[in-house]
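# Observations on the three-dimensional arrangement
What follows is the residue order along each chain.
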Amino acid sequence: MIELKNVSKHFASNKVLIDVSMTIPSGEPVAIIGPNGAGKTTLFSLISGFISPSSGEVLFDGKAIPHSEQFGKLAVLPQDAQLDPRFTIEKQLAFFSKLQGFTKSEGIAEVSRVLGLVGLLEHKTKKPQELSHGMRKRACIAQSLIGNPSFVLLDEATAGLDPVHAKEVRELIASLSKDITFILSSHDLAELERLCQRVFVFEAGSLKQYSGDGDTTSQAYLTLRLKQDLDNLDNVIAELNGLRNLKVTQSREYLIEYDASVTDFDIQLLQCLHQQSIAYQQIYNGKTLENQLFD
Ligand SMILES: Nc1ncnc2c1ncn2[C@@H]1O[C@H](COP(=O)(O)OP(=O)(O)OP(=O)(O)O)[C@@H](O)[C@H]1O
């Protein structure tokens, strides 16, 4: 478990993190969201033990970071991590495994293990420039998995990737998440909302909002995206049994709140849209993360 207790970090007069308290237990992936300059990388550096807090405590399994027991359990992949164009990925990862104390033969096995996890085993003899952007990112993620850490911090893991490769990386993280707790940073909430139930939002150094593990109250939500704007959707769906509230969240997107005990509400809605010949793009259960956070 990672804990921050009233942590502040100043660089001279620049207050980068201000009285931040948060707890990250092992389990599902966690998102750290914030605009550029919000302090995400500084937070990662503190958790990694690269820098110390100006005040407050950063703890890993109850002990102040850095401590020797943390070694090998917590890995970090910086935003600007680069692969060396001169060497095959196998050679580079073998070098990192050596730095972690693996013998040569153990290192070979460990490199095969982590490349297998990210689906790059058959590309191990390639140099970075022979790989796609997404594959290079996966190779970097493989590096962070050496030694089987329990927590892995990925700073802007999908930055600079096209949507297809970004999705590939998110799917990889999801598939590895049953054994490893990923802490992911991004300036883009939409990027991580499908992957992470737990989200910490930073703004100007402060932890502004926190989303727990979902809504357990009696109301339920549907998010509806239409193909075209419609200014009278409230009239169209007014008669649906269980409807509580309708809110326009952005152009063509609506958040519909309904009574959770009405189990056929989604079917009623679909029938109603069909009868009125209203074309929709997407309907899904629950709120988007953005709506959960900024409601
Ligand atoms: N070593 C340092 N010395 C002085 N100022 C620093 C240092 N590291 C970070 N800062 C400042 O801290 C602030 C937050 O930076 P940080 O990189 O943590 O933000 P971020 O949320 O990761 O931003 P980005 O999304 O752009 O990476 C910035 O104003 C930055 O200039």
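Let me sum up the structure you'll find in this document. Quick caveat: nothing in here was measured; it's all calculated off a predicted structure. Here the residue numbering is sequential within each chain, running from 1 through the sequence in written order. Reporting in this predicted model follows two pLDDT cut-offs: at least 70 for local features of residues, and 80 or more for side-chain atom pairs to be given and counted; totals over whole chains, interfaces and linings ignore these cut-offs and use all residues. With hydrogens and water stripped out, all remaining heavy atoms of the structure feed into the side-chain values.

### Regarding the overall build of the protein
Elements are defined by DSSP. Helices are runs of H or I of four residues or more, strands are runs of E of two residues or more, and each kind is numbered from the N terminus. When its secondary structure is counted, the protein shows 9 helices and 14 strands. The principal-axis extents of the C-alpha atoms in the protein amount to approximately 70 × 45 × 35 Å. Relative accessibility under 20% of the residue-type maximum defines a buried residue, over 50% an exposed one, and the middle range a partly exposed one, all with a 1.4 Å probe and only protein chains included. For the protein, buried positions account for 45% of its 295 residues. Taking the contacts inside the protein whose residues are at least 6 apart along the sequence as the reference set, 68% of them involve residues at least 24 apart. Total accessible area computed for the protein in this model is approximately 15,200 Å², and 48% of it derives from carbon and sulfur atoms. Taken as two groups, the 29 positive and 36 negative side-chain charges of the protein have centres that lie 9 Å from each other. Note on contacts: a residue pair qualifies if any of its non-hydrogen atoms lie within 4.5 Å across the two residues. Each accessible area is a Shrake-Rupley estimate made with a 1.4 Å probe; only the visible protein chains count as cover when residues are assessed. Only four residue types enter the tally: Lys and Arg on the positive side, Asp and Glu on the negative side; His and the chain ends are excluded. Just so you know, the charge point we use is NZ for Lys, CZ for Arg, CG for Asp and CD for Glu.

### Side note on the site of the ligand
Working definition: residue near molecule or strand if any one of its non-hydrogen atoms lies within 4 Å of it. Taken together, 13 residues sit near the ligand, with Gly37, Gly39, Lys40, Thr41 and Thr42 positioned nearest. Under this definition, polar contacts are N or O atom pairs within 3.5 Å; protein pairs additionally need one hydrogen-donor-capable and one acceptor-capable atom, and for neighbouring residues in sequence, both atoms have to be side-chain atoms. Between the ligand and the protein, one listed contact pairs an oxygen atom with a backbone N or O atom of glycine 39 at 2.9 Å. Taking glutamine 79, its side chain carries an N or O atom lying 3.5 Å from an oxygen atom of the ligand. Against a free-state accessible area of 630 Å², the protein chains account for coverage of 59% of the ligand. Sort the elements by how many residues they give to the shell around the ligand and helix H1 (residues 40–48) lands first, with 3 residues.

### Let's talk about the packing of aromatic side chains
Two aromatic rings, drawn from Phe, Tyr or Trp (for Trp, its six-membered ring), form a pair once their centres lie within 6.5 Å of each other, and the interplanar angle then sorts them: stacked below 30 degrees, edge-to-face above 60, tilted otherwise. Applying the stated criterion across every chain yields a total of 3 aromatic pairs. Here phenylalanine 60 and phenylalanine 151 contribute two aromatic rings whose centre-to-centre distance is 5.6 Å and whose plane-to-plane angle is 80 degrees, an arrangement assigned as edge-to-face. Taken together, the residues span a long stretch of sequence, with phenylalanine 60 in strand E4 (residues 55–60) and phenylalanine 151 in strand E7 (residues 151–155) at a distance of 91 residues. As far as burial versus exposure is concerned, phenylalanine 60 and phenylalanine 151 are alike and both buried. For the ring pair tyrosine 258 and phenylalanine 265, a centre distance of 4.3 Å and an interplane angle of 5 degrees mean the geometry is stacked. Each member of the pair tyrosine 258 and phenylalanine 265 is classed as buried.

### As for unusual backbone geometry
Following isoleucine 65, the chain continues to proline 66 via a peptide bond in cis, the omega torsion being -5 degrees. Even without being glycine, alanine 12 reaches a positive phi, approximately 50 degrees. Residue alanine 12 is classed as exposed on the basis of its relative accessible area of 77%. One non-glycine residue, glutamate 156, lies in the positive phi region at around 50 degrees. Overall, glutamate 156 belongs to the buried group, its relative accessible area being 7%.

### A short note on the nonpolar core
Put simply, a nonpolar core is a bunch of buried Ala, Val, Leu, Ile, Met, Phe, Trp, Tyr and Cys residues held in one set by side-chain atoms that sit within 4.5 Å of each other. Of all hydrophobic cores here, the largest spans 38 residues; its most connected members are Leu115, Val118, Ile141, Leu145, Leu154, Phe182 and Leu184. With 6 residues, helix H4 (residues 133–145) is the single largest residue contributor to this core. Here leucine 145 is in contact with Glu110, Arg113, Val114, Leu117, Val118, Val152, Leu176, Ile180 and Phe182, once residues within four sequence places are set aside. Grouped together as the second largest cluster of nonpolar side chains are 23 residues, Leu43, Phe44, Val58 and Ile183 included.

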